[in-house]
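An overview of the molecular structure
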Amino acid sequence: MFVEGVRDVIDATLELAVVPSFSRIGPALRRRLYSWTEPSAGMLSGRTVLVTGPTSGLGRETATELAQLGARVVLAGRDQTRLSQVRDELAASTGEDRYPTVVVDMSSLSSVRRAVEQVLLTESRLDVLVDNAGAIYPDRGESVDGIERTLAVLVVGPFALTSGLLPLLSATPGARVISVTSGGMYTQPARLDDLEWRMRPFSGTRAYAQGKRIQVALMREWARRFAQSGIAFNAMHPGWADTPGLAESLPGFHHLMRPLLRSVEEGADTITWLATSPSVRPPGGRLYLDRRTRPFDRVPQTRLNAADRQELWDEISELAGLNPAIPA
């Protein structure tokens, strides 16, 4: 048994050291420090969850874990064949067919709008929205809407999705929105004068990190602007999890760190915890790692103040075609 003050010091030391915090060491030690408990069986029965990017990696694991807890899981992704495969596997493992699929390309606003219409027509409630879909591109490109692809997938599409599903979320008691970000966002400022990499050399990893930085800043704005909605808006980062996306986009890092990488189960744990824990309450506006709140910034140069976040909100609203922007 650890004394509370002592365990918090150990946790804080881990966090400052980065490598043990983000690697598999983090959840292994914190599970013991804080005596983690698992969600009770069937606790999500009668509730509906939507997960974007559910066909591999963290999204696949999240869909599986929430399905095992009894949730109706709406699987939202680009490829109907892969979605159907996940649906069939979940139905076989749980013995129930409660996994509708929604084909959506998060880089396309028209596709996102169609997905919103489908969900609003078919679902009577939405308890949890998990914004997980993501991509890293080696070269700069633009979406069908003329938006830099990384920003479109990580930020603009999810913003439009959340906005469109807001009426359903607001009508569902205790609803939660969970944004899956990345520890890489600590390293990259959000260039408000060049969000789409038009004026500087493009870097796929830096564009991804900037997108994740923006993602977290917007979750704080969602929580502030909709503090009375009853919705908890939070972000989490999974640490360094061994996912197909990591292996494909950062092969050198994956090879070097593989012995220390977290499993997908360890990476997705905090998503499940945020979706189920009674201690998570609205309005949220926090960033989590391993079931604990974490700082939004590590480097002063990356910090976004309140005015920056409001400017960012207006810019993303405009890109998402939400005019006028959702008010403060």
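A short tour of the structure in this document, coming up. All of these numbers come straight from a predicted model, not from anything done at the bench.

Looking now at the packing of helix H4 (residues 57–68) against helix H5 (residues 80–94). At a minimum axis separation of 10 Å, H4 and H5 run at an interaxial angle of 30°. Relative to H5, the element H4 lies roughly parallel. The interaxial crossing formed by H4 with H5 has right-handed handedness. Facing Arg-60, Ala-63, Thr-64, Ala-67 and Gln-68 of H4, the residues of H5 in contact are Val-86, Glu-89, Leu-90, Ser-93 and Thr-94.

Looking at the secondary structure, you find Ser-23 in the loop between helix H2 (19–22) and helix H3 (25–33). We classify Ser-23 as buried; its relative accessible area is 0%. At 3.5 Å, the side chain of Ser-23 forms a polar contact with the backbone oxygen of Pro-20. In contact with Ser-23, not counting residues within four places along its chain, are Trp-240, Leu-260 and Arg-262.

What follows is about the sheet that holds strand E6 (residues 232–236). Ordered by their spatial adjacency, eight strands build an open sheet running E3-E2-E1-E4-E5-E6-E7-E8, and the pairing between neighbours is mixed. Since the sheet does not close on itself, it has two edges, and those belong to strand E3 (101–103) and strand E8 (292–294), each with one partner. This sheet shows a mean twist of 25° between the axes of neighbouring strands, independent of strand direction. Taken together, the three bridges between strand E7 (residues 284–289) and E8 define a ladder with antiparallel strand orientation. When the bridges of E8 are listed, Leu-289 appears paired with Arg-292. Against the sheet, H4 touches strand E1 (48–52), strand E2 (72–77), strand E4 (128–131) and strand E5 (176–180), its axis set at about 165° to E2. Each of E4, E5, E6 and E7 touches helix H8 (residues 204–225); the most contacted strand, E6, lies at about 160° to it.

This paragraph deals with the environment of Val-103. Take Val-103: it is sitting in strand E3. C-alpha of Val-103 to C-alpha of Arg-78: the two residues are 25 residues apart in sequence and 5.3 Å apart in space. The contacts of Val-103, once residues within four sequence positions are left out, are Gly-77, Arg-78, Gln-80, Leu-83 and Ser-111.

Together, Val-19, Ile-25 and Leu-260 line one region of the surface with nonpolar side chains, adding up to about 200 Å² of accessible area. Looking at the element boundaries, Val-19 is found in helix H2. On the accessibility criterion, Val-19 (36% relative accessible area) is partly exposed.

Time to look at the packing of aromatic side chains. Counted under the stated rule, the structure contains nine aromatic pairs. Between the aromatic rings of Trp-197 and Phe-202, the centroid separation amounts to 5.9 Å while the plane-to-plane angle is 75°, which identifies the pairing as edge-to-face. Look at Trp-222 and Trp-313: their rings are 4.8 Å apart centre to centre, the planes differ by 70°, and that puts the pair in the edge-to-face class. In this pair, Trp-222 sits in helix H8 while Trp-313 sits in helix H12 (residues 306–319), placing the two residues 91 residues apart along the sequence. Owing to a relative accessible area of 3%, Trp-222 belongs among the buried residues under this scheme. By the ring-pair criterion, three or more aromatic residues cluster together here, those being Phe-159, Trp-222, Phe-226, Phe-233 and Trp-313. Stacked on the ring of Tyr-137, the Lys or Arg Arg-149 has its end atom at 4.1 Å from the ring centre. Here the basic side chain of Arg-220 rests over the ring of Phe-296, its NZ or CZ set 3.9 Å away from the ring centre.

Once that is clear, we can look at H5. Over its 15 residues, H5 extends 21 Å from the first C-alpha to the last, a length consistent with the 21 Å expected when each residue adds 1.5 Å. Buried residues in H5 make contact with H4, E2 and E3. Its side-chain oxygen at 2.8 Å from the backbone nitrogen of Thr-81, Asp-79 defines the N-terminal cap of H5. Two residues or fewer after H5 comes Gly-95, characterised by a positive phi angle close to 75°.

What counts and what doesn't
Residues numbered from 1 in each chain as written. Predicted model: local features only at pLDDT ≥ 70, side-chain atom pairs only at ≥ 80, totals over all residues. Heavy atoms only, no water. Axes fitted to C-alpha atoms, helices over the stretch in contact; angles between N-to-C directions. Helix = DSSP H or I, 4+ residues; strand = E, 2+ residues; numbered from the N terminus. Parallel < 35°, antiparallel > 145°, perpendicular 65-115°, else oblique. Left-handed = near helix turned anticlockwise from the far one by under 90°. Contact = heavy atoms within 4.5 Å. Buried < 20%, exposed > 50% of the residue type's maximum accessible area, 1.4 Å probe, protein only. Polar contact = N/O pair within 3.5 Å; in protein donor to acceptor, adjacent residues only side chain to side chain. Pairing = 2+ DSSP bridges. Patch = residues over 30% accessible without salt bridge, like charges linked within 9 Å, V, L, I, M, F, W, Y side chains within 5 Å. Areas by Shrake-Rupley, 256 points an atom, 1.4 Å probe, with all protein chains shown as cover. Salt bridge = Lys/Arg side-chain N within 4 Å of Asp/Glu carboxyl O. Phe/Tyr/Trp six-rings, centres within 6.5 Å; stacked < 30°, edge-to-face > 60°. Lys NZ or Arg CZ within 6 Å of the ring centre and 35° of its normal. Expected span 1.5 Å × (residues − 1).

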